[in-house]
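Residues per chain, in single letters:
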Amino acid sequence: MRKITYHITVVLVCFFMQESFAQEFDYKREINKLEISKKDVQQSEKEALKMAVIAINEQLKAGEITAEESKALKLEAAKKHALNIENRIAIIDAQISLLHTNKRYETIAEYRKSEAASKLQLGTLIDIATDDWRKKKKKLKYDRRTYSDFVFAFGFNNALIQGQSLNDTPYQIGGSRFFEMGWAWRKRVFKNTNFLRFNYGFSFQFNGLKPKNNTYFVLNDDGEVNLETFEFDLSKSKFRMDNLVFPMHFEIGSSKLHKTEHTIRYSLKHKFRFGFGGYGGVNLGARQKLKYISDGKRVKDKLKGGYNTNSFVYGLSAYAGFDGILFYMKYDLNPIFKNAAVEQRNISLGLRFDL
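These remarks concern the structure in this document. If you're wondering where the values come from, they're calculated on a predicted model, not measured in any experiment. (Residues numbered from 1 in each chain as written. Predicted model: local features only at pLDDT ≥ 70, side-chain atom pairs only at ≥ 80, totals over all residues. Heavy atoms only, no water.)

## Thoughts on the pairing of strand 5 (residues 225-229)
Right, on to step 1. Direction of pairing for strand 4 (residues 215-219) relative to strand 5: antiparallel, over a ladder of 5 bridges. Each bridged residue has a counterpart across the sheet, and for Phe 217 the counterpart in strand 5 is Leu 227.
Right, on to step 2. Here strand 4 folds back onto strand 5 in antiparallel fashion, the turn holding 5 residues, of which Gly 223 has a positive phi close to 90 degrees. (Pairing = 2+ DSSP bridges. Helix = DSSP H or I, 4+ residues; strand = E, 2+ residues; numbered from the N terminus.)

What follows is the structure, encoded as structure tokens:
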């Protein structure tokens, strides 16, 4: 935004400077106008003095003042308007002097001859101003300790069920997926080394589970959520939880130092890095999609809410990789459902991109 404002300002300055150049050869006409205005000043002040004298004479005739007072008032009025003439003409003389001082061209031909040189001088001035602006900008960001990235992640999703392994999960491995996007800030912890960084930000997580064996989620009267067999053949059964979380990680890894007269930068390009930490946030909602055929018609049900999921989510996460391409894993420490007879915790594995 500041860069755009700067260039707009330069364009406006160029425009007005060109306008002023185009009008400089006409300065004599302006001087003539000012000389005429000096006469107008004298005439207007004389008229004002004349009206003041008439008013004083009226007061004398009405007996409001004496002859001595009348004479004193007229003398005072004469001094006042004489001083007005002197001061106003002095101002006009100063304007005329300024025009003489700043004159450049007396004819249009002279102006056109020097136009090319003026443009060259103006271009040099702009180059100097641009270089100065760049130096100041760099100086303000000499040591940049905090960077920000758009975070994008996706991969496989599933649930670890108490007393079972992932081999026994009732959810499809390939069909259950997660998606995450957000914004993260990466700050260097120590002043003179970039080996340790602190990453923090916010993300939206979308965790999906796809049940096997024609089952779907049902909330029972006792508040428990169980998988039950659907009455029709399901072509699709998918459950999704949407979360807003605030991840925090410590990140370690080497980096390359780039140092110049104006900047100091640490680059992670082609460097390995490893981050570990966790996240906490809230569950924004849960929904289930069912597709099946009933009485020869295709039916699509979208069921929102009412699955007794935990309102707060928190867990552990880690990533590792090169540049902005990272392997990513996260695990919810909170159970997916409240009051569940068998606790289930969401787990995800995939790729993360820091763009």
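## Quick word on the pairing of strand 10 (residues 297-304)
Every regular strand shows the same layout, with side chains that alternate between the two sheet faces.
Right, on to step 1. Sparse coverage of strand 10 is indicated by the burial of 0 of its 8 residues.
Right, on to step 2. Bridging between strand 9 (residues 272-294) and strand 10 involves 8 bridges; their strand directions are antiparallel. Across the sheet, Lys 291 pairs through a bridge with Lys 300, a residue of strand 10.
Right, on to step 3. Here strand 9 folds back onto strand 10 in antiparallel fashion, the turn holding 2 residues, of which Asp 295 has a positive phi close to 55 degrees. (Buried < 20%, exposed > 50% of the residue type's maximum accessible area, 1.4 Å probe, protein only.)

## A word on the side chain of Gln 344
Right, on to step 1. With respect to the helices and strands, Gln 344 occurs in strand 13 (residues 344-354).
Right, on to step 2. Assessed through its relative accessible area of 12%, Gln 344 is described here as buried.
Right, on to step 3. At 2.5 Å, the side chain of Gln 344 and the side chain of Tyr 171 are in polar contact.
Right, on to step 4. With near-sequence residues (within four places) excluded, Gln 344 lies in contact with Ala 159, Leu 160, Ile 161, Tyr 171, Asn 334, Pro 335, Ile 336 and Phe 337. (Polar contact = N/O pair within 3.5 Å; in protein donor to acceptor, adjacent residues only side chain to side chain. Contact = heavy atoms within 4.5 Å.)

## A few points about a positive patch on the surface
Right, on to step 1. A contiguous patch of positive charge on the surface is contributed by Lys 289, Lys 300, Lys 302 and Lys 304.
Right, on to step 2. Ranked by residues supplied to the positive patch, first place goes to strand 10 with 3 residues.
Right, on to step 3. Mapped onto the secondary structure, Lys 302 falls in strand 10. (Patch = residues over 30% accessible without salt bridge, like charges linked within 9 Å, V, L, I, M, F, W, Y side chains within 5 Å. Areas by Shrake-Rupley, 256 points an atom, 1.4 Å probe, with all protein chains shown as cover. Salt bridge = Lys/Arg side-chain N within 4 Å of Asp/Glu carboxyl O. Lys, Arg positive; Asp, Glu negative; His and termini not counted. Charge placed at Lys NZ, Arg CZ, Asp CG, Glu CD.)

## As for unusual backbone geometry
Right, on to step 1. Its identity as a non-glycine residue notwithstanding, Asn 213 has a phi of 60 degrees, on the positive side.
Right, on to step 2. Position of Asn 213 among the secondary structure elements: in the loop between strand 3 (196-209) and strand 4.
Right, on to step 3. Judged by its relative accessible area of 69%, Asn 213 falls in the exposed class.

## Quick notes on the nonpolar core
Right, on to step 1. Of all hydrophobic cores here, the largest spans 11 residues; its members are Ala 159, Tyr 171, Leu 209, Phe 217, Val 225, Phe 239, Met 241, Ala 286, Tyr 307, Ile 336 and Phe 337.
Right, on to step 2. Apart from the residues within four sequence positions on either side, Tyr 171 is in contact with Asn 158, Ala 159, Ser 176, Leu 209, Lys 210, Pro 211, Lys 212, Phe 217, Leu 227 and Gln 344.
Right, on to step 3. Among the nonpolar cores identified, the runner-up in size contains 7 residues, and Ile 31, Leu 34, Val 41 and Ile 89 belong to it. (Core = buried A, V, L, I, M, F, W, Y, C linked by side-chain atoms within 4.5 Å.)

## Things to note about empty space enclosed by the protein
Right, on to step 1. A full pass over the atoms with the stated rule returns 3 cavities of 30 Å³ or more.
Right, on to step 2. Here the largest cavity defines a volume of roughly 100 Å³.
Right, on to step 3. Taken together, 14 residues line the largest cavity, and the ones lying closest to its centre are Ala 184, Ser 203, Pro 247, His 249 and Arg 352.
Right, on to step 4. Secondary-structure elements contributing two or more residues to the lining of the largest cavity are strand 2 (177-188), strand 3 and strand 6 (234-252).
Right, on to step 5. A per-element tally of the lining of the largest cavity places strand 3 first, with 5 residues.
Right, on to step 6. Tallied by class, the residues present in the lining of the largest cavity amount to 8 nonpolar, 4 polar and 2 charged. (1 Å grid on protein atoms, 1.4 Å probe; cavity = no way out; pocket = protein on both sides within 12 Å on 5 of 7 lines; lining within 4 Å. Points joined across faces, edges and corners; volume = space filled by probe spheres on them. Nonpolar A, V, L, I, M, F, W, Y, C, P; charged D, E, K, R; others polar.)

## A word on the pattern of salt bridges
Right, on to step 1. One pass over the structure, following the stated rule, counts 12 salt bridges.
Right, on to step 2. In this structure, the salt-bridge partner of Asp 149 is Arg 186, at a minimum N-O distance of 2.7 Å. Of the two residues, Asp 149 is situated in strand 1 (residues 146-161) and Arg 186 in strand 2; the sequence distance between them amounts to 37 residues. Residue Asp 149 shares its accessibility class with Arg 186, and that shared class is buried.
Right, on to step 3. Overlapping salt bridges bring together Arg 197, Glu 251, Arg 273, Arg 352 and Asp 354 as one network.

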